[in-house]
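These are the residues of each chain, in order.
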Amino acid sequence: MRLKHIILATIAVSIINISCKNSTKREISMDEKVLSKTYQGESITHDFDAEIDALISQMTLEEKTGMLHGTSMFSTAGVERLGVPELKMADGPLGVREEISRDSWAPAGLDNDFATYYPAGGGLSATWNTELAYTFGFSVGEETRARDKDVLLSPAINIIRTPLGGRTYEYFTEDPFLNKKLTVPFVVGMQENDVAVCVKHYATNNQETNRDFVNVQIDERTLREIYLPAFKDAVVEAKAYSMMGAYNKFRGEYLCENGYMLNDVLRDEWGFEGIVISDWNAVHTSVNSLRSGLDIEMGTPKPFNEFYLADPLIDSIKVGKISEDEIDIHLKRIMQLMYTVKRMGANDRKKGIINTEAHFKDTYDIASESIVLLKNSNELLPIDASRIKSVAVIGNNAKKKNALGGFGAGVKTKREVTPLEGLQNRLPESVTINYAEGYQERYAPKKESVFGDVTQERVDTIDELDPKMLQDAIDTAKYSDITIIFAGSNRDFETEASDRADLELPFGQVELIKEVLKVNPNTIVVMIGGAPFDLGAIKEKSKALVWSWFNGSEGGNALADVLLGDVNPSGKLPWTMPKALNDSPAHATNSFPGDKSVTYEEGLLVGYRWFDTKNVEPLYPFGYGLSYTSFSIKNTKTDKNEYSNDDTILISLEVENTGEMDGKEIVQLYVSKSNSEVERAEKELKGFIKVMVTSGESKKVTLELPVKELAYYDVSQKAWTVEPGSYSLRIGNSSRNITSEVTINVK
């Protein structure tokens, strides 16, 4: 059973089904043994030390260094005469990347490297579902094995600091607690398939602008409380086998040769036993990078023998700058990983499967729970297909495919259902679909984007609408019963290596939406994207507004099922959508993107922490998402009033479905500490659970909150400290919708 190894410590240890007649029937769809168990992942084993030592003793210096650097785009050298194979890697945030040439980014042109296209990180995080995080990891792990890879460069878990981030679509969230609770089951699931994750990008890699060299300055408490928790739990709880060093500098040193981050924190404090792999072309020295904790250098721009850990390292060894014994330390780490994932020494390595209906179902399950209902006036949604004869489908995004695109890893897939295809699959034949493109996806020659004194190349769009296409869209909407506009972004616009310049929707879409709304008020606007946009005018004028994502092979079917009511939307925003860019903390403090250096002036107040503490009203708050039904959270209480440091607080409550449709609600637990001796945010997420409740019924839920989760990082003591005193435990369904509150005391 897949779930036997998943951490679900964030959520309830028991769920009881209570009918309207106060029945106490046990909920049988949840495995309570699983829920009460904390899984500890497998460590890198030391059982193979003798075999590894024997192999290393027979290697030449050239053979040793060949294992420390890329000798193709995604592999390091093996030692064929000793039976040591290559270490094979693949990029993979959206699924296993297609095979490329050994010495360039050109596709290899194979016909057997198709893979399932999985939802981007934003979609997974919007589910707020740890079981689906495990499903994602396990499923893509099976595909990684089927493609005979040892390491998948995934998951990407950097904190979302700015809504302009080019890789926001790929990352999970702005919140460290939600981040770590999704990361751990993802890592566990993937590594159960005899493959290694490569968690990226460690760490403080929160912008694409100047990412190759920008020097990030973060105070120690903010580093520990915001930017490191998910990386720490990936190591300590999930036993991640590898970590990717980031491009940028941290406190003056590049992160692929940052002794404090790689040796002091990662290995000495957290006990990391795996390998550190550089981001591609992120290494700048030979001896220093190895001594600082790097194990493998990967990259692209020069001949492989010229990498810092290739010929230059051999030269350094020969002149005594570093000893061969020191090199052997890194070789042992690499070979331990190879034995652990059964690339060496075992004949029972899992085979893996790929492109299966089961995997497409996994992508559907994630996508269908990720879609966020932002607005639904006059119950325009769900669409009742029996009451309409025609639907206008408008927008380039209705047909746009996102498995490939942009600068960064995509997936060559055999199946990607678009939104238009999803509606065609789901609507009855009695309903006519009238399509109009509405706007064109057009790009201008690249030019520089200006952030203060900093310039960078940006993706620049042509935002003028074609008059004929606009009129076609208006006419199509005018003569259809309802209209669905598929707007937003795509992976050519939101892309690695480039942050956006602003929050504006590209391609003239706002004007298009306004004009269509004038002729058909029964218009549903569906945004497809990975990062916030300025939706203020659209929110004001439209009756129904939905947010979807780059949502994988089955994304169009999942979206159609939500629009038609076969699936009740249950996604919640994993980040805050601001009304204006300068409302966001990194921009309000004028500390994005910096120049050669950037200081995170907002400190602890990232995302909703800033909005709630500074009382800045967002367009849509963190954790927000509506449903086709309604819920009431009531009878919140704790098991006692006073706790000690080693206790676990049990918070019980009831979730009642007061509407007419079965649905899932996400109960969110935030903690506040008044009169604290240290700076704190107004509230911090410390627990959540996604609960399925039948219409007219209630479920009793118990949330577990270890008192240690209340700790702050005491810089002077270099330790986590729980401050005694009273704490407010606030329950709601977004950071701004708190429906009940309980006060407890910590001794």
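Enquirer: Explanation requested: the overall build of the chain in the structure shown.
Expert: Along its length, the chain carries 20 helices and 30 strands. Taken over the C-alpha trace, the chain has a radius of gyration of 26 Å; the compact-globule value for 747 residues is 27 Å, and the two agree within 12%. Along the first, second and third principal axes, the C-alpha atoms of the chain reach 80 × 65 × 55 Å. Evaluated residue by residue, the chain yields a buried proportion of 64% over its 747 residues. In the chain, of all internal contacts separated by at least 6 residues, the share reaching a separation of at least 24 is 77%. Element-wise, carbon and sulfur atoms account for 45% of the exposed surface of the chain, whose accessible area totals about 26,800 Å². Side chains of the chain carry 84 positive and 111 negative charges; the gap between the two charge centres is 3 Å.

Enquirer: For this particular structure, what's the right way to read the pattern of salt bridges?
Expert: Opposite charge on two side chains makes pairing possible when the charged atoms of those side chains draw close. The full count for this structure, using the stated rule, is 54 salt bridges. The partner of Glu 324 in a salt bridge is Lys 64, and the shortest N-O contact between them spans 2.8 Å. With Glu 324 in helix α12 (residues 324-340) and Lys 64 in helix α3 (residues 61-66), this pair connects stretches of sequence that are 260 residues apart. The shortest N-O distance in the salt bridge between Glu 709 and Lys 686 comes to 3.9 Å. Here Glu 709, found in the loop between β26 (698-706) and β27 (712-714), pairs with Lys 686, found in strand β25 (residues 684-693); they are 23 residues apart in sequence, far enough to count as distant. Residue Glu 709 shares its accessibility class with Lys 686, and that shared class is buried. The structure contains a network of salt bridges with shared partners spanning Asp 91, Arg 97, Arg 167, Glu 170, Lys 200, Glu 208, Arg 211 and Glu 496.

Enquirer: What exactly am I supposed to notice about empty space enclosed by the protein here?
Expert: Any empty space left between atoms is shown by rolling a water-sized probe over those atoms. For the coordinates displayed, the defined rule picks out eight cavities of 30 Å³ or more. Its volume calculated, the largest cavity comes out at about 140 Å³. Lining the largest cavity are 17 residues, and of these Glu 416, Val 417, Pro 419, Trp 549 and Asn 551 lie nearest its centre. Sort the elements by how many residues they give to the lining of the largest cavity and helix α18 (residues 555-563) lands first, with three residues. As a volume, the second largest cavity reaches approximately 90 Å³. As for the second largest cavity, its lining consists of Ile 160, Arg 161, Thr 162, Pro 163, Glu 174, Pro 532, Trp 575, Thr 576, Ser 584, Pro 585, Gly 607 and Phe 611. A breakdown of the residues in the lining of the second largest cavity according to their chemical character gives six nonpolar, four polar and two charged.

Enquirer: Sorry, what's going on with the pairing of strand β11 (residues 275-278) here?
Expert: Residues in a regular strand point their side chains to alternate faces of the sheet. What you see with β11 is no split at all: Ile 275 and Ile 277 on one side and Val 276 and Ser 278 on the other are buried throughout. Sheet analysis places strand β8 (residues 242-245) next to β11, joined by four bridges and oriented parallel. Counted as the bridge partner of Met 243 is Val 276 from β11.

Enquirer: Help me out: how do you make sense of the packing of helix α13 (residues 357-370) against α18 in this one?
Expert: Relative placement of two packed helices is described by the angle separating their axes and the distance separating the axes. Direction vectors running N to C along α13 and α18 enclose 40°, while the axes themselves pass 8 Å from each other. Judged by the inter-axis angle, α13 sits oblique to α18. For the pair α13 and α18, the sense of crossing is right-handed. Residues Tyr 364, Ala 367 and Ser 368 of α13 pack against Gly 555, Asn 557, Ala 558, Asp 561 and Val 562 of α18. In terms of residue class, the contact of α13 with α18 is built from four nonpolar, three polar and one charged.

Enquirer: Looking at this model, I keep getting lost on the sheet that holds strand β18 (residues 523-528). Mind explaining?
Expert: Whether parallel or antiparallel, the strands of a sheet pair through hydrogen bonds between backbone atoms. Reading across the sheet, the six strands line up as β12-β19-β18-β17-β13-β14 and stay open at both edges, with mixed pairing between neighbours. Here the strands that pair on one side only, and so sit at the sheet edges, are β12 (372-376) and β14 (432-436). On average, each strand axis in the sheet is tilted by 20° relative to the strand beside it, whichever way the strands run. Sheet topology note: the strand β13 (residues 390-394)/β14 ladder contains five bridges and is parallel. Residue pairing for β14: Ile 394 is matched across the bridge by Ala 436.

Enquirer: In this structure, what is going on with a negative patch on the surface? I would like to understand it.
Expert: On the surface, Glu 62, Glu 306, Asp 311 and Asp 315 cluster together to form a negatively charged patch. By the element assignment, Asp 315 lies in helix α11 (residues 311-318).

Enquirer: I would appreciate a short explanation of the side chain of Ser 72 in the present structure.
Expert: On the secondary structure map, Ser 72 appears in strand β2 (residues 70-72). A polar contact is formed between the side chain of Ser 72 and the side chain of Ser 75, at a distance of 2.5 Å. If we ignore the near neighbours within four places in the chain, the residues touching Ser 72 are Arg 102, Met 298 and Phe 304.

Enquirer: Before we go on, may I ask you to explain helix α14 (residues 419-426) in this structure?
Expert: Structurally, the α-helix is built with 3.6 residues per turn, so residues lying three or four positions apart point the same way. For α14, the complete set of buried residues consists of Pro 419, Leu 420, Gly 422 and Leu 423. Projected onto a plane normal to the axis of α14, the buried residues spread over an arc of 160° and lie on a single side. Tucked into the core, α14 has its buried residues touching β13, β14, β17 (482-488), β18 and α18.

Enquirer: Even after reading the chapter, I still don't get unusual backbone geometry, so can you show me in this structure?
Expert: Glycine aside, negative phi is the norm for most residues, and most peptide bonds take the trans geometry. For the peptide bond that leads from Ser 154 to Pro 155, omega is 0°, which places it in the cis range. Assignment of secondary structure puts Pro 155 in the loop between β5 (151-153) and α6 (176-191). Its identity is not glycine, yet Lys 239 carries a phi of approximately 55°, on the positive side. With respect to the secondary-structure elements, Lys 239 resides in the loop between α8 (229-236) and β8. Within the chain, Asn 635 stands out as a residue other than glycine whose phi angle is a positive 55°. Along the chain, Asn 635 turns up in strand β21 (residues 631-638).

Enquirer: For this particular structure, what's the right way to read helix α7 (residues 220-227)?
Expert: Most of α7 is tucked away: eight of the eight residues are buried. Inspection of α7 places Glu 220, Arg 221, Thr 222, Leu 223, Arg 224, Glu 225, Ile 226 and Tyr 227 among the buried residues, and these make up the whole buried set. If you check the start of α7, you find a side-chain oxygen 3.2 Å away from the backbone N of Arg 221, and it comes from Asp 219.

Enquirer: Help me understand the state of the cysteines in this model?
Expert: In the structure shown here, the tally under the stated rule is zero disulfides. Left without a disulfide partner, Cys 198 is nearest to the cysteine sulfur of Cys 256, which lies 9.9 Å away. The class of Cys 198 is buried, set by a relative accessible area of 0%.

How each quantity is defined
- Residues numbered from 1 in each chain as written.
- Predicted model: local features only at pLDDT ≥ 70, side-chain atom pairs only at ≥ 80, totals over all residues.
- Heavy atoms only, no water.
- Helix = DSSP H or I, 4+ residues; strand = E, 2+ residues; numbered from the N terminus.
- Rg over C-alpha atoms; globule rule 2.2 N^0.38 Å.
- Buried < 20%, exposed > 50% of the residue type's maximum accessible area, 1.4 Å probe, protein only.
- Contact = heavy atoms within 4.5 Å.
- Areas by Shrake-Rupley, 256 points an atom, 1.4 Å probe, with all protein chains shown as cover.
- Lys, Arg positive; Asp, Glu negative; His and termini not counted.
- Charge placed at Lys NZ, Arg CZ, Asp CG, Glu CD.
- Salt bridge = Lys/Arg side-chain N within 4 Å of Asp/Glu carboxyl O.
- 1 Å grid on protein atoms, 1.4 Å probe; cavity = no way out; pocket = protein on both sides within 12 Å on 5 of 7 lines; lining within 4 Å.
- Points joined across faces, edges and corners; volume = space filled by probe spheres on them.
- Nonpolar A, V, L, I, M, F, W, Y, C, P; charged D, E, K, R; others polar.
- Pairing = 2+ DSSP bridges.
- Axes fitted to C-alpha atoms, helices over the stretch in contact; angles between N-to-C directions.
- Parallel < 35°, antiparallel > 145°, perpendicular 65-115°, else oblique.
- Left-handed = near helix turned anticlockwise from the far one by under 90°.
- Patch = residues over 30% accessible without salt bridge, like charges linked within 9 Å, V, L, I, M, F, W, Y side chains within 5 Å.
- Polar contact = N/O pair within 3.5 Å; in protein donor to acceptor, adjacent residues only side chain to side chain.
- Arc of directions from axis to C-beta.
- Disulfide = S-S within 2.5 Å.

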